[in-house]
Amino acid sequence: MDRTLTLAEPKLFIERMLIDGVWRDAGNGATIDVTDPATGARIGRVPDATAADTEDAIRAAEKALEPWRRRTAGERAELVERWHSLILTHVKDLATIMTAEQGKPLAEAEGEIRYAATFVKWFAEEARRVRGHDIPAPTPDRRILAMKEPIGVCAAITPWNFPAAMITRKCAPAIAAGCTVVVKPSDLTPYSALALVWLAEQAGIPAGVINIVTGMPEAIGATLTASPVVRKLSFTGSTRVGSLLMRQSADTIKRLSLELGGNAPFLVFDDADVDTAVAGAIASKFRNAGQTCVCANRILVQDGIHDRFVAKLGEAVRAMKIGDGRDQGVTIGPLINAAATAKVMAHVDDALSHGAVTAATAGGYGDATRFVTPVVLTGATTAMRLASEETFGPVAPIFRFTHEAEAIEIANATPFGLASYFYTDDLHRAWRVAERLEFGMVALNTGTIAMEMAPFGGIKQSGLGREGGQEGIEEYLETKAFHWGGLKLDR
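Parameters and conventions
- Residues numbered from 1 in each chain as written.
- Predicted model: local features only at pLDDT ≥ 70, side-chain atom pairs only at ≥ 80, totals over all residues.
- Heavy atoms only, no water.
- Salt bridge = Lys/Arg side-chain N within 4 Å of Asp/Glu carboxyl O.
- Helix = DSSP H or I, 4+ residues; strand = E, 2+ residues; numbered from the N terminus.
- Buried < 20%, exposed > 50% of the residue type's maximum accessible area, 1.4 Å probe, protein only.
- Contact = heavy atoms within 4.5 Å.
- Pairing = 2+ DSSP bridges.
- Axes fitted to C-alpha atoms, helices over the stretch in contact; angles between N-to-C directions.
- Core = buried A, V, L, I, M, F, W, Y, C linked by side-chain atoms within 4.5 Å.
- Disulfide = S-S within 2.5 Å.
- Patch = residues over 30% accessible without salt bridge, like charges linked within 9 Å, V, L, I, M, F, W, Y side chains within 5 Å.
- Areas by Shrake-Rupley, 256 points an atom, 1.4 Å probe, with all protein chains shown as cover.
- Parallel < 35°, antiparallel > 145°, perpendicular 65-115°, else oblique.
- Left-handed = near helix turned anticlockwise from the far one by under 90°.
- Nonpolar A, V, L, I, M, F, W, Y, C, P; charged D, E, K, R; others polar.

Student: Tell me what's going on with the pattern of salt bridges, and back it up with residues and numbers.
Tutor: Taken as a whole, this structure holds 34 salt bridges when the rule is applied. Note that Lys63 and Asp20 form a salt bridge whose closest N and O atoms lie 2.7 Å from each other. In this pair, Lys63 is assigned in helix H1 (residues 51-70) and Asp20 in the loop between strand S1 (17-19) and strand S2 (22-24), connecting sequence segments 43 residues apart. Salt-bridge contacts for Lys92 lead to Glu110; the nearest nitrogen and oxygen are separated by 3.2 Å. Placement of Lys92 in helix H3 (residues 91-102) and of Glu110 in helix H4 (residues 106-127) is noted, with a sequence separation of 18 residues between them. Relative accessible area serves as the criterion here: at 57%, Lys92 is assigned to the exposed category. What you see here is one network of salt bridges that share partners, running through Asp271, Glu404, Arg429, Arg432 and Arg436.

Quick look at the structure:
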């Protein structure tokens, strides 16, 4: 049975893709179904773009590039700011769409829409701050300038877990810098992206500046990576797919931004404030039902504080309400699909078979193929799958440690290096641990690190490049060295 969405602005629900200002179907008429992860009901169908459709989008972006980059920074910024205003005007509708296709509770979906809008506002402002610099020349008759220019046509491939924020975090800096974009959203959550791109169109952003192709990833991704017109690719997703895209992009030497898998440690030392640490663990671990690349995957707690921390975390978990994200008071929605649920439960079963103990669970929910009950596990060890693999679900494994050096060694024992968190009130320890954790982002006494004004990204197999902050717009700029010789300055 199909699910009908009730929106104040029905035009936000779009089942076509946008190429060169035209909302159209796939060239061969193919479509894919999009379903509600909470119920399995079909929400609708979107085009399954072909390689030829993707090439059309690339040509559209190429055609729009020169007039767009020639606009002043202020003109581009004004249009991007209009986009920001329209997003905030339609927060509730956008959240309704997101909850239907992604599953997160409505309040959390509204939070993501507002978060997504912050990137649009930030990069509208950053457009006005793009600047090069002059370089002292070796002779009096020469001048040297380092000039900043848009990199060109860009591709953005976005994930299902944050279907709005990952669109704006990539598209806003690209178009603010003077680039044009071809966006490929997840086939599981295309409607949020389509709605946001429609709002960009309503804001007056010209045809071809943002193009969006929907469908299965293989043909679209291969076309984007093979194209010499596409100068930059930004991808958020798994390390496996990121590695594939990197290989496919090698022949055309693209600039890459890759935000890939994580295995975030969350260290709690004896001198930490327990209530603060528990609040941070809830924010980090259980946001989006644990389906985030920066969520706490391994919670390491020192001996002296271990039992108090587990008791308070368990109390918070038992208070969680699981269910359809549209229902009142729900804090944990479904996982994205049955495969995700099966993986999380396999991690739990493996941990229990290796000696872990269930310390607390939330109330259960009827459909075990779509929902995973939040759980706190004690006695976690490095022999368990959840120590080395990203669980991507509402499972909080507690690893007990005795010494600081032991905790740092366990934390760093991963090929991933995206996010890390630690709690201490010892100033000396704060500096020691922050400098020794091998991650692109380190958080002290907080469980939240994603915000528009700060660079976001990882090291090692968690990727390369940064999104957000000043660094976010630099990813879409090239530096041109302009040498001017033979100046006659003595007349």
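What follows continues from the structure just given.
Student: Quick one: what's the story with the side chain of Glu149, residue by residue and with numbers?
Tutor: Turning to its location among the elements, Glu149 is positioned in strand S6 (residues 143-150). According to the relative accessible area criterion, Glu149 is buried, its value standing at 19%. Contacts of Glu149, omitting those with residues within four sequence positions, involve Arg69, Tyr476, Leu477, Glu478 and Lys480.

Student: Requested: an account of the pairing of strand S18 (residues 419-423), with residues and values cited.
Tutor: In terms of burial, S18 is largely enclosed, as five of its five residues are buried. Of the pairings in the sheet, the one linking strand S12 (residues 264-268) to S18 comprises three bridges and is parallel in character. Within S18, the residue paired with Val268 across the bridge is Tyr423. With four bridges connecting them, S18 and strand S19 (residues 441-444) associate as parallel partners. Looking across to S19, one finds that Tyr421 is bridged to Ala443.

Student: Explain the sheet that holds strand S22 (residues 477-484) to me, using residue names and the numbers behind them.
Tutor: With antiparallel pairing, three strands are arranged side by side in an open sheet as S5-S6-S22. What marks the edges here is a single partner per strand, and that holds for strand S5 (133-135) and S22. On average, each strand axis in the sheet is inclined to that of its neighbour by 30°, with strand direction left out of account. With three bridges joining them, S5 and S6 adopt antiparallel strand pairing. Looking at S6, one finds that His133 is bridged to Ala146.

Student: Describe the nonpolar core, naming the residues involved and giving the relevant values.
Tutor: Counting 136 residues, the largest nonpolar core has Trp83, Ile87, Ile175, Val268, Val294, Phe309 and Leu313 as the members making the most contacts within it. Per element, the largest residue contribution to this core is 11 residues, and it comes from H4. Leaving out residues up to four positions away in the same chain, Phe309 has contacts with Val268, Val274, Ala277, Val278, Ala281, Ile299, Val301 and Ile398. Core analysis: the next-biggest nonpolar cluster, separate from the first, contains 23 residues, Ile19, Leu65, Val182 and Leu260 among them.

Student: I'd like a rundown of the state of the cysteines, residues and numbers included.
Tutor: Tallied over the entire structure, the rule returns zero disulfides. Note on Cys154: no disulfide assigned, nearest cysteine sulfur contributed by Cys179 at a separation of 3.9 Å. According to the relative accessible area criterion, Cys154 is buried, its value standing at 1%. The thiol of Cys171 is unpaired, and the distance to the nearest cysteine sulfur, on Cys154, comes to 9.4 Å.

Student: Give a description of a nonpolar patch on the surface that names residues and reports values.
Tutor: A cluster of nonpolar residues, Leu145, Phe482 and Trp484, forms a patch on the protein surface that exposes about 290 Å² of accessible area. Since its relative accessible area comes to 47%, Trp484 is described here as partly exposed.

Student: How would you explain the packing of helix H9 (residues 274-285) against helix H10 (residues 303-318) if you had to name every residue and give the values?
Tutor: The contact between H9 and H10 brings their axes to 10 Å, and the two run at 50°. Accordingly, the angle class assigned to the pair H9 and H10 is oblique. Seen along the crossing, H9 lies across H10 with a hand that is right-handed. On H10, the residues touching Val274, Asp275, Ala277, Val278, Ala281 and Ile282 of H9 are Ile305, Arg308, Phe309, Lys312, Leu313, Ala316 and Val317. Tallied by class, residues from the contact of H9 with H10 come to 10 nonpolar, no polar and three charged.

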